[in-house]
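Report on the structure
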Amino acid sequence: GQLIVGSFCKALEVIPRQLCDNAGFESTDIISALRRTHAHQEDGKWFGVDIINGGTCNTFDIGVWEPRDNKVNSLAAAAEAACVILSIDETVVNPRSSQPGDHQSGMMGADGNPMPMGNMMGSAMDAVNASKGGSRSGNLGKGVSYMMGSAM
């Protein structure tokens, strides 16, 4: 349990670390100071990154507030995403693609040979039209108008 909580806390440190990096300050020193403040001061829970002067500051006193609902929703969504990722039981792998030297790109044809990726839509349309006994002519079906969408 302690390992999980520690990992979760480490993941939350990404936010102040990124703030420090974006502001051009040394994130390691500021994160260390922030940890000390949170652990040893009674009102330490209000301290955050001071992006103007570098270091830490009491964000409550200077009026930097973040709505509680935003944090709760973000944490819940992140935890849910992690649970979904961890709940995946199997990885589906194409046995043929896992063989050495079988790194061709594209789709596989009916005969098992790769098809080129180019003109996929045209090929699909040709196949559909051929199955109906005709070729792609560009003629619109009965009752279909190209410009207005109204019946002819």
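In the block above lies the structure referred to throughout.
These notes cover the structure that comes with them.

**Topic: the side chain of Glu-13**
The residue Glu-13 is located in the loop between helix H1 (2–12) and helix H2 (14–23) in this model. Given a relative accessible area of 16%, Glu-13 falls into the buried group. Apart from residues lying up to four places away in sequence, Glu-13 is in contact with Ile-31 and Arg-35.

**Let's talk about the nonpolar core**
Membership of the largest hydrophobic core is limited to 5 residues, which are Cys-20, Ile-30, Leu-34, Phe-47 and Val-49. Ignoring anything within four residues of it in the chain, the contact list for Phe-47 reads Leu-34, Thr-37, His-38, Gln-41, Thr-56, Cys-57, Asn-58 and Thr-59.

**Let's talk about the pattern of salt bridges**
Note on pairing: side chains with opposite charge can pair once their charged atoms come close. This model, assessed by the stated rule, comprises 2 salt bridges. Between Glu-13 and Arg-17 there is a salt bridge, and its shortest N-O distance comes to 3.8 Å. Using a relative accessible area of 28% as the deciding quantity, one classes Arg-17 as partly exposed. Sharing partners across several salt bridges, the network here consists of Glu-13, Arg-17 and Arg-35.

**Description of the packing of aromatic side chains**
Counting across every chain of the model gives 2 aromatic pairs. Note on Phe-60 and Trp-65: the rings are 5.4 Å apart at their centroids and 15 degrees apart in plane angle, and the pair reads as stacked. Aromatic rings pair up to connect Trp-46, Phe-60 and Trp-65 into one cluster.

Rules behind the numbers
- Residues numbered from 1 in each chain as written.
- Predicted model: local features only at pLDDT ≥ 70, side-chain atom pairs only at ≥ 80, totals over all residues.
- Heavy atoms only, no water.
- Helix = DSSP H or I, 4+ residues; strand = E, 2+ residues; numbered from the N terminus.
- Buried < 20%, exposed > 50% of the residue type's maximum accessible area, 1.4 Å probe, protein only.
- Contact = heavy atoms within 4.5 Å.
- Core = buried A, V, L, I, M, F, W, Y, C linked by side-chain atoms within 4.5 Å.
- Salt bridge = Lys/Arg side-chain N within 4 Å of Asp/Glu carboxyl O.
- Phe/Tyr/Trp six-rings, centres within 6.5 Å; stacked < 30°, edge-to-face > 60°.

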